[in-house]
Amino acid sequence: MTSVAAAARDNAEWCDAMCRAHGTPGAFADRAWTNPARTPPFYPDAVTLSPDATAADVLGRIDAGPGASVKDSFATLDLPGFEVLFEGQWIHREPPERREPTIAMEVVSDAATLRAWEQACFDGEVGGLFLPTILDEVTILCGRRGDAVVCGSVLTPRQQVVGVSNVFGEAVWEATLAVAARTFPGRPLVGWEVDPADALRHGFTTIGPLRVWSKIA
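So, here's what we can say about the structure. For clarity, every value in this text was computed on a predicted model and none was experimentally measured. (Residues numbered from 1 in each chain as written. Predicted model: local features only at pLDDT ≥ 70, side-chain atom pairs only at ≥ 80, totals over all residues. Heavy atoms only, no water.)

A short note on the pattern of salt bridges
Right, so step 1: Scanning all chains against the criterion turns up 13 salt bridges.
Right, so step 2: Between R158 and E13 there is a salt bridge, with its nearest N and O atoms 3.3 Å apart. Note that R158 is positioned in the loop between β8 (148-157) and β9 (162-168) and E13 in helix α1 (residues 3-21), a separation of 145 residues in sequence.
Right, so step 3: Judged by relative accessible area, R158 falls into the buried class, the value being 17%.
Right, so step 4: Salt-bridge contacts for R31 lead to D57; the nearest nitrogen and oxygen are separated by 3.4 Å. Here R31 is found in the loop between β1 (27-28) and β2 (32-34), whereas its partner D57 is found in helix α2 (residues 55-59), with 26 residues between them in sequence.
Right, so step 5: The network of salt bridges with common partners includes R9, D10, E13 and R158. (Salt bridge = Lys/Arg side-chain N within 4 Å of Asp/Glu carboxyl O. Helix = DSSP H or I, 4+ residues; strand = E, 2+ residues; numbered from the N terminus. Buried < 20%, exposed > 50% of the residue type's maximum accessible area, 1.4 Å probe, protein only.)

Quick notes on empty space enclosed by the protein
Right, so step 1: Enumeration over the complete set of coordinates arrives at one cavity of 30 Å³ or more.
Right, so step 2: Forming the walls of the largest cavity are A7, D10, N11, W14, W90, T156, G163, V164, S165, G191 and W192.
Right, so step 3: Among the elements of the structure, α1, β9 and β10 (189-193) are those that each provide at least two residues to the lining of the largest cavity.
Right, so step 4: In terms of residue count, the dominant contributor to the lining of the largest cavity is α1 (four residues). (1 Å grid on protein atoms, 1.4 Å probe; cavity = no way out; pocket = protein on both sides within 12 Å on 5 of 7 lines; lining within 4 Å. Points joined across faces, edges and corners; volume = space filled by probe spheres on them.)

As for the environment of H22
Right, so step 1: Note on placement: H22 falls in the loop between α1 and β1.
Right, so step 2: In contact with H22, other than residues within four places in its own chain, are P40, G128, L129 and L131.
Right, so step 3: For H22, the side chain forms a polar contact with the main-chain oxygen of L129, separated by 2.7 Å. (Contact = heavy atoms within 4.5 Å. Polar contact = N/O pair within 3.5 Å; in protein donor to acceptor, adjacent residues only side chain to side chain.)

Considerations on the environment of P41
Right, so step 1: Position of P41 relative to the elements: it lies in the loop between β2 and β3 (46-48).
Right, so step 2: A relative accessible area of 53% means that P41 is categorised as exposed.
Right, so step 3: Each C-alpha atom of the pair P41 and D30 lies 25 Å from the other, and the pair is 11 residues apart in sequence.

Quick notes on the sheet that holds β2
Right, so step 1: Judged by pairing direction, the sheet is mixed, and its 11 strands sit side by side in the order β1-β2-β3-β4-β11-β5-β10-β9-β8-β7-β6 without closing on themselves. Looking at the sheet topology across the chains shown, the edges are occupied by β1 and β6 (106-107).
Right, so step 2: Where β2 lies against β3, three bridges are found, and the strand directions are antiparallel. Within β3, the position partnered with W33 by the bridge is V47. (Pairing = 2+ DSSP bridges.)

On their own, these measurements won't tell you what the molecule is for.
As structure tokens, then:
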């Protein structure tokens, strides 16, 4: 599996985990993950898993009405009735070495801390997106200043790679790498960023473009 394919698969599995937490699981096929129900905010209705994916692989398997979105993992699709909402870059890093974290990070393990993490991650503008059942699927990290959550990230461990997402706050990349090296030793890290500058400063490289399409109203 190529690095882009591994990153896309991790992202699709992360989207599916979020959907399952909300009671609306998607389905995996060879070329795409799709969900016939509208997905939670910020999560696409489809993620392509192969550069050979076509519009037919996604549009017939989702609610393609207003509000629909598709993550075009290889930036190869042509989706009639959709427009490109934004573009990004997949990122990849070889397994990080063991190190002491620059800031203390804890694993979120209860609903109250998860709510505080969500409020900090989205500057108080989102509530109820991250439900407690997601804690059984992924590793959510947070750092505190006093009692307040001020930084965090998400690690999504897979057999071949570990996904990194929802990185926010100061000095959190270095601390996230330290936790990943200790908790999931030997596994490369993957993810995606609209602006990968911070990731690049911490040893990641860009490995390919992606696009997110949105239904034209």
